[in-house]
Amino acid sequence: EDQVTQSPEALRLQEGESSSLNCSYTVSGLRGLFWYRQDPGKGPEFLFTLYSAGEEKEKERLKATLTKKESFLHITAPKPEDSATYLCAVQSLHGGSYIPTFGRGTSLIVHP
Amino acid sequence: DTEVTQTPKHLVMGMTNKKSLKCEQHMGHRAMYWYKQKAKKPPELMFVYSYEKLSINESVPSRFSPECPNSSLLNLHLHALQPEDSALYLCASSQGLVGLGGELFFGEGSRLTVL
């Protein structure tokens, strides 16, 4: 069974304190790993797609990397506005179709 | 701003009411999804439509009835709900066919409270 595990469950950082979020996965043939950001009471916002080990994507203070077993979301010099829940998802075979399977997310709080 | 629009943003209904949630996208996407999300939990897949046909139903109770009138619109009809159905209901769309998958674009959600 395909699984996605995110850690830590919650993370508190001071503004400017860089850190990384982890997403480990087990899937039969990776067809895409996605990172989303979700603000409270809102829908998830797509950030990145990674397809193969060694791939990296960047957007402002965020950088996503991928290995054969896990993905990291690196946050460099975070600001309070980076506070959100970050969700990882992998494409999972589901009744003949590939549907994203989500992890439980990491809740990030950045203090000024 | 999200290109997937959901209405209403908030809905309060009694257990005997009939109401509908609506979703619209104008990105030309051919797959549309309904997810249910409880507090501090990940989105939970309910239904997937591909080319206006229901492709996936995650054994959702019949008190939830999806409808896809055309490629841009997705409805979720609600009837005889239970208090435990209170949640954030998210609509999403993706560019490709179900089977190719791809990144999802979510609406802002409809917050449902069942009294």
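Here, every reference points to the structure presented above.
Criteria and cut-off values
- Residues numbered from 1 in each chain as written.
- Chains lettered and ligands numbered in written order.
- Predicted model: local features only at pLDDT ≥ 70, side-chain atom pairs only at ≥ 80, totals over all residues.
- Heavy atoms only, no water.
- Disulfide = S-S within 2.5 Å.
- Helix = DSSP H or I, 4+ residues; strand = E, 2+ residues; numbered from the N terminus.
- Buried < 20%, exposed > 50% of the residue type's maximum accessible area, 1.4 Å probe, protein only.
- Contact = heavy atoms within 4.5 Å.
- Buried area = accessible area lost by both parts, 1.4 Å probe.
- Salt bridge = Lys/Arg side-chain N within 4 Å of Asp/Glu carboxyl O.
- Nonpolar A, V, L, I, M, F, W, Y, C, P; charged D, E, K, R; others polar.

Engineer: Before we move on, could you go through the state of the cysteines and cite the residues and values that matter?
Structural biologist: Inspection of every chain in the model, using the stated rule, returns 2 disulfides over all chains. The side chain of Cys23 of chain A participates in a disulfide bridge whose partner is Cys88 of chain A; the two sulfur atoms lie 1.9 Å from each other. Between Cys23 of chain A and Cys88 of chain A, the S-S torsion sits near -65°, and that sign places the bridge as left-handed. Of the two residues, Cys23 of chain A sits in strand 3 (residues 19-26) while Cys88 of chain A sits in strand 9 (residues 84-94), which places them 65 residues apart along the sequence. Accessibility assignment for this pair places Cys23 of chain A and Cys88 of chain A in one class, buried. With a sulfur-sulfur separation of 1.9 Å, Cys23 of chain B is cross-linked through a disulfide to Cys91 of chain B. Between Cys23 of chain B and Cys91 of chain B the disulfide shows an S-S torsion of about -70°. By sign, it is left-handed. In this pair, Cys23 of chain B sits in strand 3 (residues 18-25) while Cys91 of chain B sits in strand 9 (residues 87-94), placing the two residues 68 residues apart along the sequence. For Cys23 of chain B, a relative accessible area of 1% corresponds to the buried category. What makes Cys91 of chain B buried here is its relative accessible area of 0%.

Engineer: Which residues make up the interface of chain B and chain A, and what values go with them?
Structural biologist: Tallying the contact residues gives 23 residues for chain B and 21 residues for chain A. Of all residues in chain B, the largest losses of buried area upon contact with chain A belong to Pro42, Glu103 and Phe106 of chain B, amounting jointly to 24% of the total for that side. The interface formed by chain B and chain A holds 0 salt bridges in total. Elements with a minimum of two residues in the side of chain B that touches chain A: strand 4 (31-37), strand 5 (44-50) and strand 9 of chain B. Of the residues forming the side of chain B that touches chain A, the biggest block, 3 residues, is contributed by strand 4 of chain B. Residue classes in the side of chain B that touches chain A are distributed as 13 nonpolar, 5 polar and 5 charged.

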